[in-house]
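Summary of the model geometry
Letter by letter, the chains look like this.
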Amino acid sequence: MKNADIRALSIEDLKTQIKTEQTSGQTMRFAHAISPLENPIRLKQARKNVARLLTELKRRENEQATNSAN
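Starting from 1, residues in each chain are numbered consecutively following that chain's sequence as written. Thresholds applied to this predicted model are a pLDDT of at least 70 for local features of residues and 80 or more for the giving and counting of side-chain atom pairs; totals over whole chains, interfaces and linings are not thresholded and use all residues. Hydrogens and water are ignored here; the side-chain numbers use all heavy atoms of the structure.

Per an unreviewed UniProt entry, the chain is named Large ribosomal subunit protein uL29, and its organism is Hymenobacter perfusus. UniProt positions are given in the numbering used here, feature names are shortened, and annotations may be inferred rather than shown by experiment. Within the UniProt record for the chain, the comment given under Sequence similarities (unreviewed entry) is "Belongs to the universal ribosomal protein uL29 family."

Looking now at the overall build of the chain. Secondary structure elements are taken from DSSP: a helix is a run of H or I of four residues or more, a strand is a run of E of two residues or more, and numbering for both begins at the N terminus. Secondary structure assignment for the chain yields 3 helices and 0 strands. From first element to last, N terminus to C terminus, the chain shows the α and β order α-α-α. Radius of gyration here is computed from C-alpha atoms only, and the compact-globule reference equals 2.2 Å multiplied by the residue count raised to the power 0.38. For 70 residues, the compact-globule formula gives about 11 Å, and the C-alpha radius of gyration of the chain, at 15 Å, lies well above that figure. The contact criterion used is simple: two residues touch if any of their non-hydrogen atoms lie within 4.5 Å. Long-range contacts, defined here as pairs at least 24 residues apart, represent 69% of the contacts in the chain between residues at least 6 apart. Note on areas: these come from Shrake-Rupley sampling with a 1.4 Å probe, and a residue is covered only by the protein chains present in the view. Of the roughly 5300 Å² that the chain leaves accessible, carbon and sulfur atoms contribute 52%. Only four residue types enter the charge count, namely Lys and Arg as positive and Asp and Glu as negative; His and the chain termini do not. By convention, charge coordinates are those of NZ in Lys, CZ in Arg, CG in Asp, or CD in Glu. The average position of the 13 basic charges and that of the 8 acidic charges among the side chains of the chain differ by 7 Å.

Now for the confidence of the model for the chain. Known as pLDDT, the predictor's per-residue confidence is scaled from 0 to 100. Considering every residue of the chain, the mean pLDDT works out to 93; 100% of them sit at 70 or more. Within the chain, helix α2 (residues 11-34) carries the highest mean pLDDT (95), whereas helix α1 (residues 3-8) carries the lowest (92).

We now examine the pattern of salt bridges. Think of a salt bridge as a Lys or Arg side-chain nitrogen and an Asp or Glu carboxyl oxygen that are within 4 Å of each other. Applying the stated criterion across every chain yields a total of 4 salt bridges. Between E56 and R60 there is a salt bridge whose closest N-O contact spans 3.0 Å. Separated by 4 residues within a single helix, E56 and R60 lie in helix α3 (residues 41-69), roughly one turn from each other. Burial here depends on accessible area, computed with a 1.4 Å probe over protein chains only, as a share of the maximum for the residue type. Under 20% is buried, over 50% is exposed, and the range in between is partly exposed. On the basis of relative accessibility, which here comes to 7%, the residue E56 falls in the buried class.

A few words on α2. Given the number of residues in a helix, its expected span is that number minus one, multiplied by 1.5 Å. Over its 24 residues, α2 extends 35 Å from the first C-alpha to the last, a length consistent with the 34 Å expected when each residue adds 1.5 Å. Those residues of α2 hidden inside the fold are in contact with α1 and α3.

In this structure, I6, L9, L14, I18, L53 and L57 together form the largest nonpolar core, which totals 6 residues. Of all elements in the fold, only α2 and α3 reach the threshold of two or more residues within this core. Working definition of a nonpolar core: buried Ala, Val, Leu, Ile, Met, Phe, Trp, Tyr and Cys residues. They are joined through side-chain atoms within 4.5 Å.

Bringing a positive patch on the surface into the picture now. A cluster of like positive charges, contributed by K2, R29, K44, R47, K48 and R52, occupies part of the molecular surface. Mapped onto the secondary structure, K44 falls in helix α3. Here a patch means residues that are over 30% exposed by relative accessible area and free of salt bridges, tied together within 9 Å if like-charged and within 5 Å if nonpolar (Val, Leu, Ile, Met, Phe, Trp, Tyr).

This is the structure in structure tokens:
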């Protein structure tokens, strides 16, 4: 998922996407433990996507907190 796509999501969509990415990453890790995945780089990509989504969510929450404080 590209950063531009992530910025276009609403906060609720971000939270939903985070849950989806986390569960798919966990499923891939379990599947990889049992038998190797065809493309193990997808595990790394899933972790990075979750990190990008969480970063954007925190940025927006901080932005809202700053705006409400002023």
